[in-house]
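Okay, here's what each chain looks like letter by letter:
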Amino acid sequence: MPEVMNIILPIIGVFVGLLIGAFIGITYRKRVAEAKIGSAEVEATRLINEAIKNAESKKKEILLESKEEVLKNKAEADREIKERRDEVKRQEKRMLQKEETLDRKTEQVEHKTEQLTRKLAEAEKVNARAEETLKKQWEKLEEISGFTVEQAKEYMLQNLEREIQHDYAMRLREAEQRVKEESGQKAREIVTMAIQKYAADYVAEATVSVVPLPSDDMKGRIIGREGRNIRTIETLTGVDLIIDDTPEAITVSSFDPVRREVARQSLERLIHDGRIHPAKIEETVEKVRRDIDAVIKQEGERAAFDTGVHGLHPELVKLLGRLKYRTSYGQNVLQHSIEVAHIAGIMAAELGVDVAYAKRAGLLHDIGKALDHEMEGSHVEIGVEVARKYKENDNIIHAIQAHHGDVEPKTVVACLVQAADAVSAARPGARRENLEAYIKRLEKLEEIACSFDGVERSFAIQAGREIRIMVTPEKVGDDQMVLLAHDIVKRVEDELEYPGQIKVHLVRESRAIDYAK
């Protein structure tokens with residue numbers, strides 16, 4: 001038992017020691033913790049005091065900044081309010097101005113509306129009167145014409161139907177002509193070979209000639225005192241002399257080459273002679289005309305010789321020579337006739353047809369153009385009449401009549417002449433259609449003037465803008481000239497189409513001639 005107590009007592013002592021040590025430790029730690037807690041509380045108090053001090057300073061700074069920001073925003077707001085008030089005032093001012101302007105415009109519109117109302121009422125009255133007048137005019141027109149409105153419409157429809165039928169006939173004829181012009185391969189070969197064998201150069205005929213002068217002083221002498229010399233030249237030759245600033249030159253203008261050549265040669269002779277006055281001008285023009293007639297005969301003989309056509313009547317030779325001074329679409333008709341004769345002869349030789357007949361028909365196919373200025377009818381009709389007059393063969397006459405398709409060609413020679421004429425006219429540069437149309441208009445203008453009784457001669461000058469007409473004093477008096485001019489103007493307006501206007505100038509001249517012996 002004592003041994004057990006010896007063991008238990010140390011154990012209890014150790015346990016008690018441990019308890020005392022633990023208590024002491026706990027007390028110590030409690031004191032240390034309380035000391036730390038006290039220092040922490042002091043530090044926390046210090047930190048809280050510093051935080052409060054910082055918060056107060058920050059609060060003051062924030063309050064100051066807030067006050068400054070508020071003051072700044074207030075100033076900005078005041079400025080914006082002021083600007084908006086100013087803008088509102090300006091808008092109010094503009095609105096007032098616009099209201100005033102609108103009021104004025106409203107007054108003007110009301111005033112114009114009143115005016116328009118009055119004018120509309122007046123226009124309605126005028127319209128009513130116009131309708132009444134138109135109704136009376138229709139009644140008067142029906143009374144004068146003897147037609148009612150329906151009858152007049154029917155008349156116009158009938159005229160329109162006739163015009164449509166005419167157009168249809170013309171188109172049908174053109175279609176038939178196109179069919180006739182179609183040829184086979186053999187015909188194309190023959191025509192091509194004929195063109196290759198005979199080729200000629202062409203220069204389009206002009207309507208002006210330039211006469212050189214030795215000096216510009218000669219222009220005054222040609223014009224003469226008060227223009228009497230130039231008037232005499234223009235009257236006798238039917239040309240228009242253009243005297244402008246061109247140095248040492250005068251231009252002679254006329255659509256008729258014979259007149260132009262007569263005037264050119266006459267001027268050259270007068271300039272060379274130096275004596276220029278009306279009597280000398282008449283004498284010179286007459287001599288030049290005789291010389292031109294001689295040249296015409298020589299040219300006709302040359303054409304017959306060049307083509308190998310013999311046995312022509314002398315008058316036919318002269319007519320051929322006149323073709324030298326005749327143009328067709330800018331192409332010289334004599335040269336064209338010679339070429340047609342050669343081409344027809346070449347094609348006739350290839351086909352085994354009589355070459356002499358083909359050449360003769362080709363040379364004479366346009367013979368009517370030598371007289372179409374003087375006789376009524378187309379050059380084909382005139383050529384047929386002339387050929388019959390001088391006893392040409394019927395085949396030649398038929399070829400002349402058929403070369404433009406006026407009648408159906410019935411012989412090979414007629415077909416050859418027709419083809420050769422088309423080939424010669426179709427060469428590039430050979431013809432100029434606009435010029436020919438212009439010349440035909442001038443010729444028609446002269447023809448119209450010469451168709452009136454009492455007209456001796458007429459000359460289209462100034463590029464067709466003037467027609468100068470010489471009347472016979474014994475047939476046309478001074479009072480009748482006005483009526484004659486009016487009739488000619490009316491006829492020209494009805495039958496011709498032309499740009500601008502045409503001056504009709506009638507000249508009535510009485511001459512007294514005596515001789516001192």
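Everything numeric in this text was worked out from a predicted model, so none of it was measured.

Right, let's get into the side chain of Asp366. Relative to the helices and strands, Asp366 is located in the loop between helix H10 (355-364) and helix H11 (379-389). You can call Asp366 buried: its relative accessible area is 1%. Here the side chain of Asp366 touches His379 through a polar contact of 3.2 Å, side chain to side chain.

Together, Glu99, Glu100, Asp103, Glu107, Glu110 and Glu114 make up a negatively charged patch on the protein surface. Positionally, Glu100 belongs in helix H1 (residues 2-145). The exposure class assigned to Glu100 is partly exposed, which follows from its relative accessible area of 47%.

Right, let's talk about the packing of helix H6 (residues 257-273) against helix H7 (residues 278-307) for a bit. Across the interface, H6 lies against H7 with an axial gap of 9 Å and an inter-helix angle of 125°. Taken together, the axes of H6 and H7 are oblique relative to one another. For the crossing formed where H6 meets H7, the hand is right-handed. Here H6 contributes Val258, Glu261, Val262, Gln265, Ser266, Arg269, Leu270 and Asp273 to the contact with H7, which in turn contributes Lys280, Ile281, Thr284, Val285, Lys287, Val288, Arg289, Asp291 and Ile292. Grouping the constituent residues of the contact of H6 with H7 by class yields seven nonpolar, three polar and seven charged.

We now examine helix H5 (residues 228-237). Counting buried positions along H5 yields eight of 10 residues, so the element is predominantly enclosed. In the core, the buried residues of H5 are packed alongside helix H4 (217-223), strand S2 (240-242), H6, H7, strand S6 (455-461) and strand S7 (466-471). Just past H5, the residue Gly238 takes up positive phi, approximately 75°.

Core analysis: the biggest nonpolar cluster contains 32 residues, and Leu312 and Leu363 have the highest contact counts within it. Secondary structure elements with two or more residues in this core: H7, helix H8 (314-322), helix H9 (333-351), H10, H11, helix H12 (394-402) and helix H13 (412-426). Top contributing element to this core by residue count: H12, with five residues. With 23 residues, the next largest nonpolar core counts Met218, Ile230, Ile233 and Val288 among its residues.

The next subject is the pattern of salt bridges. For side chains bearing opposite charge, pairing can occur when the charged atoms are close. Applying the stated criterion to the full structure yields 22 salt bridges. Residue Glu446 is joined to Arg259 by a salt bridge in which the shortest nitrogen-to-oxygen separation is 2.5 Å. Residue Glu446 is found in helix H14 (residues 433-450), and its partner Arg259 is found in helix H6; the two are separated by 187 residues along the sequence. Judged by relative accessible area, Glu446 falls into the buried class, the value being 10%. With a relative accessible area of 14%, Arg259 lands in the buried category. Between Glu447 and Lys444 there is a salt bridge; the shortest N-O distance is 3.9 Å. Linking Glu447 with Lys444, this pair stays in helix H14, spanning three residues, or about one helical turn.

As a further point, take the pairing of S6. Residues in a regular strand project their side chains so that they alternate between the two faces of the sheet. The element S6 is largely enclosed, with a buried count of five among its seven residues. Note that S6 and S7 share six bridges and pair antiparallel. Looking across to S7, one finds that Ala460 is bridged to Ile467.

On the surface, Ile7, Ile8, Leu9, Ile11, Ile12, Phe15, Val16, Leu19, Ile20, Phe23 and Ile24 cluster together to form a nonpolar patch covering roughly 1,100 Å² of accessible area. Of note, Val16 is situated in helix H1.

Turning our eyes to something else, we now look at the packing of H9 against H10. At their nearest, the axes of H9 and H10 sit 7 Å apart, and the two run at 155° to each other. Looking at the two axes, H9 sits roughly antiparallel to H10. The way H9 lies across H10 gives a crossing that is right-handed. Within the contact between the two elements, H9 uses Ser337, Ile338, Val340, Ala341, Ala344, Gly345, Ala348 and Ala349 and H10 uses Val355, Ala358, Lys359, Gly362 and Leu363.

A positive phi angle, close to 55°, is found at Glu226, a residue other than glycine. Here Glu226 is to be found in the loop between H4 and H5. One non-glycine residue, Lys391, adopts positive backbone phi at about 60°. Structurally, Lys391 can be placed in the loop between H11 and H12. The exposed category is assigned to Lys391, whose relative accessible area is 73%.

Procedures and definitions
- Note on numbering: residues in each chain are counted from 1, in written sequence order.
- Whole-chain, interface and lining totals are the exception, using all residues; otherwise, since this is a predicted model, local features are given only for residues with pLDDT of at least 70 and side-chain atom pairs are given and counted only at 80 or more.
- The basis for every side-chain value is the complete set of non-hydrogen atoms in the structure, without hydrogens or water.
- Secondary structure follows DSSP: runs of H or I at least 4 residues long count as helices, runs of E at least 2 residues long count as strands, and numbering of each begins at the N terminus.
- Residue exposure (1.4 Å probe, protein chains only): buried if accessible area is under 20% of the type maximum, exposed if over 50%, otherwise partly exposed.
- The definition of a polar contact used here is a pair of N or O atoms within 3.5 Å, where within protein one atom must be able to donate a hydrogen and the other to accept one, and adjacent residues in sequence count solely through side-chain atom pairs.
- Residues form patches when they are more than 30% accessible in relative terms and have no salt bridge. Like charges link within 9 Å. Nonpolar side chains (Val, Leu, Ile, Met, Phe, Trp, Tyr) link within 5 Å.
- The method behind every accessible area is Shrake-Rupley, applied with a 1.4 Å probe, and residues are considered shielded solely by the protein chains displayed.
- Any carboxyl oxygen of Asp or Glu within 4 Å of a side-chain nitrogen of Lys or Arg constitutes a salt bridge here.
- None of His or the chain ends enter the tally, which takes Lys and Arg as positive and Asp and Glu as negative.
- Taken as the charge location is NZ of Lys, CZ of Arg, CG of Asp or CD of Glu.
- For helices, the axis comes from a line fit to the C-alpha atoms of the stretch in contact; other axes are also lines fit to C-alpha atoms, and the angle between any two N-to-C directions lies between 0 and 180 degrees.
- For classification purposes, an angle smaller than 35 degrees is called roughly parallel, one larger than 145 roughly antiparallel, one from 65 to 115 roughly perpendicular, and anything else oblique.
- Left-handed describes a crossing in which the near helix is turned anticlockwise from the far one by less than a right angle; the clockwise case is right-handed.
- Pairs of residues are marked as contacts when any of their non-hydrogen atoms sit within 4.5 Å.
- Charged means Asp, Glu, Lys or Arg here, nonpolar means Ala, Val, Leu, Ile, Met, Phe, Trp, Tyr, Cys or Pro, and polar covers whatever is left, Gly included.
- In plain words, nonpolar cores are sets of buried Ala, Val, Leu, Ile, Met, Phe, Trp, Tyr and Cys residues tied together by side-chain atoms within 4.5 Å.
- Between any two strands, at least two bridges found by DSSP are needed for them to pair.

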